[in-house]
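Structural description and commentary
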Amino acid sequence: MKARWWVGLLLLALGGYLVFSPYLALRGLQKAIERRDAVALERYVDFPRVREGLEADLHAAMVKELERTQEDPFAALGVLLAGGLIRALVDALLTPEGLASLGTGKDPGEVGLEEVRQWRLKRQGLSRVLVHHGNDPQTGLLMELQGLRWRVVRVVVNP
C-alpha cells in the first residue's frame, strides 16, 4: 500500500513538473534578456543549434526566392548577394535586443527589452513549447526539454 502511495506521489510530481516547468524557464529567459545577462542567457538558449537552424532556414528562403525570380537575372543576382548578409542578420537576431523584437514586426533595437513580458507559451507536446509574442503566435522561440531543463533550440521566423 505504501509503495502505491509513493508511486502516485512521484507521478503527480512529475506531471506537475511537466506542466509548470516551461513557465519557470520562460520567466528565467525573460529576466536574462531584460538584464542582458549573457551567462544566464546561455543557460536558456542553445546558441550553436539555434544559429545553425536559423542560417539553414534563411538560406532555404533565399533559394526559394531565387527559384521564383529565375526569369529576372538582376533579381537573382540580388538574392545571391543578399546571401552574404545572412550571417549578419543571424548575429543581430541572437542578441537580447533581437530576441525581444521577435514577433513585434520591428527591427532589433526599435523595441525595448521589456517587450519580452508580452511573451506567451503554446504547447507542442509534452517536451516542446513555442514561446511567442502575444501579437504573433507564428513567430517565436522553440523550447525543448533537455534532461530536466528547457532550452531554446530554434528560432521560428517567417522570412
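Conventions we followed
- Residues numbered from 1 in each chain as written.
- Predicted model: local features only at pLDDT ≥ 70, side-chain atom pairs only at ≥ 80, totals over all residues.
- Heavy atoms only, no water.
- Salt bridge = Lys/Arg side-chain N within 4 Å of Asp/Glu carboxyl O.
- Helix = DSSP H or I, 4+ residues; strand = E, 2+ residues; numbered from the N terminus.
- Buried < 20%, exposed > 50% of the residue type's maximum accessible area, 1.4 Å probe, protein only.
- Pairing = 2+ DSSP bridges.
- Axes fitted to C-alpha atoms, helices over the stretch in contact; angles between N-to-C directions.
- Arc of directions from axis to C-beta.
- Contact = heavy atoms within 4.5 Å.

1. With respect to the pattern of salt bridges
- The full count for this structure, using the stated rule, is eight salt bridges.
- When the shortest N-O distance is used, the salt bridge between aspartate 91 and arginine 51 registers 2.5 Å. Highlighted residues: aspartate 91 in helix H5 (residues 86-93) and arginine 51 in helix H3 (residues 47-68), separated in sequence by 40 residues.
- Its relative accessible area of 25% is what places arginine 51 among the partly exposed residues.
- Shared partners join several salt bridges into a network, and the residues in it are Arg49, Arg128 and Glu144.

2. Quick look at the sheet that holds strand E4 (residues 149-156)
- Taken in spatial order, the four strands of this open sheet run E1-E2-E3-E4, and their pairing is antiparallel. Only two strands of the sheet have a single neighbouring strand rather than two, namely strand E1 (119-123) and E4. Taken over all neighbouring pairs, the strand axes of this sheet differ in orientation by 35° on average, direction set aside.
- Pairing analysis gives six bridges linking strand E2 (residues 128-133) to strand E3 (residues 136-146), with the strands arranged antiparallel.

3. A short note on H5
- Every buried residue of H5 is listed here: Ile86, Val90 and Leu93. Relative to the axis of H5, the buried residues are bounded by an arc of 65° and lie together on one face.

4. Examining the environment of tyrosine 44
- Topologically, tyrosine 44 is positioned in helix H2 (residues 38-44).
- Given the relative accessible area of 18%, tyrosine 44 is considered buried.
- With 15 residues separating them along the chain, tyrosine 44 and leucine 29 place their C-alpha atoms 6.1 Å apart.
- Ignoring any residue separated from it by four or fewer positions in sequence, one finds tyrosine 44 in contact with Ala25, Gly28, Leu29, Trp150, Arg151 and Val152.

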